[in-house]
Amino acid sequence: MYDALSTLTPATLDRATLWLGRGGLRPTRQRQTLAALLIGDGGHRHVTAESLFAATRDAGEKVSLATVYNTLKAFCDAGLLNEVSVDGARSYFDTRMDEHPHFFWEDTAELTDAPSEGLQITGLPLAPDGTEVSRVDVVIRIRRRT
């Protein structure tokens, strides 16, 4: 369902340490492990906390699900990840930081990047007084025809 997550090697851990530094985060062992699984191979991916938690187990690492949730939030707060909410109960974490739309595949619960060519967003409502629009997320829900 998800892209294969990176494996833990000295090279992926080094990449993770540099990535954490860009966000001003201290490279604890657990942060390094989660970061290496997310971005260690340099690829972009969309994960849920549960899929990242499963990847840590598959890699033989001991990290609690609560730690995964807290660490993903810290990565978002540090500007290293974007959280994409597809409904009130499901969030995905995106390692690709530029603004781009997504497809949410209803039949597989997978989030993938959608092409942005031709996408135009016009006529946004004015933000309430004292606020500004920080980001517009576009999630296009799709399903395979039966």
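Each value, and the rule that gives it
Residues numbered from 1 in each chain as written. Predicted model: local features only at pLDDT ≥ 70, side-chain atom pairs only at ≥ 80, totals over all residues. Heavy atoms only, no water. Pairing = 2+ DSSP bridges. Helix = DSSP H or I, 4+ residues; strand = E, 2+ residues; numbered from the N terminus. Patch = residues over 30% accessible without salt bridge, like charges linked within 9 Å, V, L, I, M, F, W, Y side chains within 5 Å. Areas by Shrake-Rupley, 256 points an atom, 1.4 Å probe, with all protein chains shown as cover. Salt bridge = Lys/Arg side-chain N within 4 Å of Asp/Glu carboxyl O. Axes fitted to C-alpha atoms, helices over the stretch in contact; angles between N-to-C directions.

Draft legend 1. Representation of the pairing of strand β3 (residues 90-94). Alignment of strand β1 (residues 46-47) against β3, held across two bridges, turns out to be antiparallel. Bridge pairing in β3 links Val47 to Phe93. With five bridges connecting them, strand β2 (residues 82-87) and β3 associate as antiparallel partners. Residue Val84 lies in a different strand from β3, and its bridge partner there is Tyr92. Count of turn residues in the β2/β3 antiparallel hairpin: two residues.

Draft legend 2. Quick look at the sheet that holds β2. Across the sheet, three strands lie side by side as β1-β3-β2; this open sheet has antiparallel pairing. A single partner strand is all that each edge strand has here, and the edge strands are β1 and β2.

Draft legend 3. Spotlight on a nonpolar patch on the surface. A contiguous nonpolar patch, built from Leu119, Ile121, Leu124, Val133 and Val136 and spanning about 390 Å² of accessible area, is present on the exposed surface. You can see Val133 is positioned in the loop between β5 (110-113) and β6 (139-142).

Draft legend 4. Expanded view of the sheet that holds β5. What the three strands build is an open sheet, ordered β5-β4-β6; its pairing is mixed. Whereas interior strands pair on both sides, the edge strands pair on one side only; in this sheet they are β5 and β6. Taken over all neighbouring pairs, the strand axes of this sheet differ in orientation by 25° on average, direction set aside. With four bridges joining them, strand β4 (residues 102-105) and β5 adopt antiparallel strand pairing. Within the sheet, the bridge partner assigned to Phe103 lies in β5 and is Thr112.

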